[in-house]
Amino acid sequence: MEYKDYYKILGVERTASADDIKKAYRKLVRKYHPDVSKHKDADEKTKEINEAYGVLGDAEKRTAYDQLGQGFQQGQEFRPPPDWGAQHDFSGANTEDIFADLFANLGRRGRAGRAGGHTFQMPGEDIHAAITIDLGDAYSGATRAIGLRVPEADAQGRMVMREKTLSVNIPKGVTPGQQLRLSGQGHPGIGGGPPGNLYLEIQFNPDPRYRIEGADVYQNVPVTPWEAALGAGIAVQTPSGQVEVTVPPNSQPGRKLRLKGRGIPSATPGDLYLILEVVLPPANTERARELYQQMARDLAFNPR
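An unreviewed UniProt entry lists the protein under the name DnaJ domain-containing protein, with Massilia agilis given as the organism.

Encoded structure:
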């Protein structure tokens, strides 16, 4: 018996929405219907399309198919238990064939167990998503509301897709790529199995003032030519508040001033690097031009 990739049959991605699946099904049915199609295998193709939609078009069946069919490829040989179709209310002549040997493999993968005669329990799939925050949220922590579309059982026990809003606590000290785990907020389990978890990957909103590397933060700080040349004490607004910084004399553009522990306050706090940018005043007045001309005469400076 061969495993059938229903997503491939309908020509959709595994992440396709219910509407996308329905549209793909209708398009293929119109294309291969025996009354209009000249395709030599129109009858067989239509039967295959109907079989695929019979599973993917039903939220509960699709959830079971996704969870039980992980790791199998189109045409792979396997054998289902004889009562799988009855246990999960799958109809169709070939539906049992589709889940061949899945339970045998689950024993090795540790994803299912028996609860009495032939009742199988499986944990729900995890959901992976991204959540975007500002750099300031990593310094102080924050709370965000997110919306998810997940399958849930209705009053009759049928699986339907529902919108769910969650309040997510963003802890202080999170870094890019870190994942937050929300236990039990993934897809529901099968046969009374526990639900999966929701994993949210932390991403930061772009900000031209900052560059983030792990827990370290790099911030551009504009200074005047005389502050860079003579040295100065300047006030800088950083993600954790205003600080007084000493610019050493003869500082060149691009010089980095390290503020230890002023980066993202993770378990091991990062550092804040202030990158000096020397900004020239415009020569837009007679006096400004005179001063530039005097420097040109007196300094005899050639950077090349």
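Read on for the rest.
Run through the environment of Pro208, naming residues and quoting values.
Within the secondary structure, Pro208 is located in the loop between β7 (198-204) and β8 (210-213). A sequence separation of 12 residues divides Pro208 from Asn220, and the C-alpha atoms of the two residues are 8.8 Å apart.

Before we move on, could you go through the sheet that holds strand β6 (residues 179-182) and cite the residues and values that matter?
Reading across the sheet, the 3 strands line up as β3-β7-β6 and stay open at both edges, with mixed pairing between neighbours. Single-partner strands in this sheet number two, and they are β3 (127-133) and β6. Geometrically, the sheet is characterised by an average inter-axis angle of 30° between neighbouring strands, direction not taken into account. Bridge analysis of β3 against β7 gives 7 bridges, and the strand direction is parallel. Its bridge partner lying in β7, His128 is registered against Tyr199.

Please set out the pattern of salt bridges residue by residue, giving values where relevant.
Scanning all chains against the criterion turns up 7 salt bridges. Measuring nitrogen to oxygen at the nearest pair gives 3.9 Å for the salt bridge that ties Glu48 to Lys45. One end of the pair is Glu48 and the other is Lys45, both in helix α3 (residues 42-56) and 3 residues apart, which spans about a single turn. A relative accessible area of 22% means that Glu48 is categorised as partly exposed. Linking Asp271 and Arg258 is a salt bridge whose minimum nitrogen-to-oxygen distance equals 2.9 Å. Taken together, the residues span a long stretch of sequence, with Asp271 in the loop between β12 (256-259) and β13 (272-278) and Arg258 in strand β12 at a distance of 13 residues. Of the residues examined, Asp271 reaches a relative accessible area of 9% and is grouped as buried.

An account of the pairing of β13 is requested, with residue identities and associated values reported.
Across the 7 residues that make up β13, a large majority, 5, are buried. Pairing between strand β9 (residues 216-223) and β13: 7 bridges, direction parallel. When the bridges of β13 are listed, Val217 appears paired with Leu272. As paired strands, β12 and β13 are joined by 4 bridges and run antiparallel to one another. Within β13, the position partnered with Arg258 by the bridge is Tyr273.

Any details on the packing of aromatic side chains? Residues and values, ideally.
Evaluated as defined, the whole model comprises 2 aromatic pairs. For the ring pair Tyr218 and Tyr273, a centre distance of 4.9 Å and an interplane angle of 10° mean the geometry is stacked. One end of the pair, Tyr218, is in strand β9; the other, Tyr273, is in strand β13, with 55 residues separating them in the sequence. Stacked on the ring of Tyr218, the Lys or Arg Arg211 has its end atom at 4.2 Å from the ring centre.

The rules behind each value
Residues numbered from 1 in each chain as written. Predicted model: local features only at pLDDT ≥ 70, side-chain atom pairs only at ≥ 80, totals over all residues. Heavy atoms only, no water. Helix = DSSP H or I, 4+ residues; strand = E, 2+ residues; numbered from the N terminus. Pairing = 2+ DSSP bridges. Axes fitted to C-alpha atoms, helices over the stretch in contact; angles between N-to-C directions. Salt bridge = Lys/Arg side-chain N within 4 Å of Asp/Glu carboxyl O. Buried < 20%, exposed > 50% of the residue type's maximum accessible area, 1.4 Å probe, protein only. Phe/Tyr/Trp six-rings, centres within 6.5 Å; stacked < 30°, edge-to-face > 60°. Lys NZ or Arg CZ within 6 Å of the ring centre and 35° of its normal.

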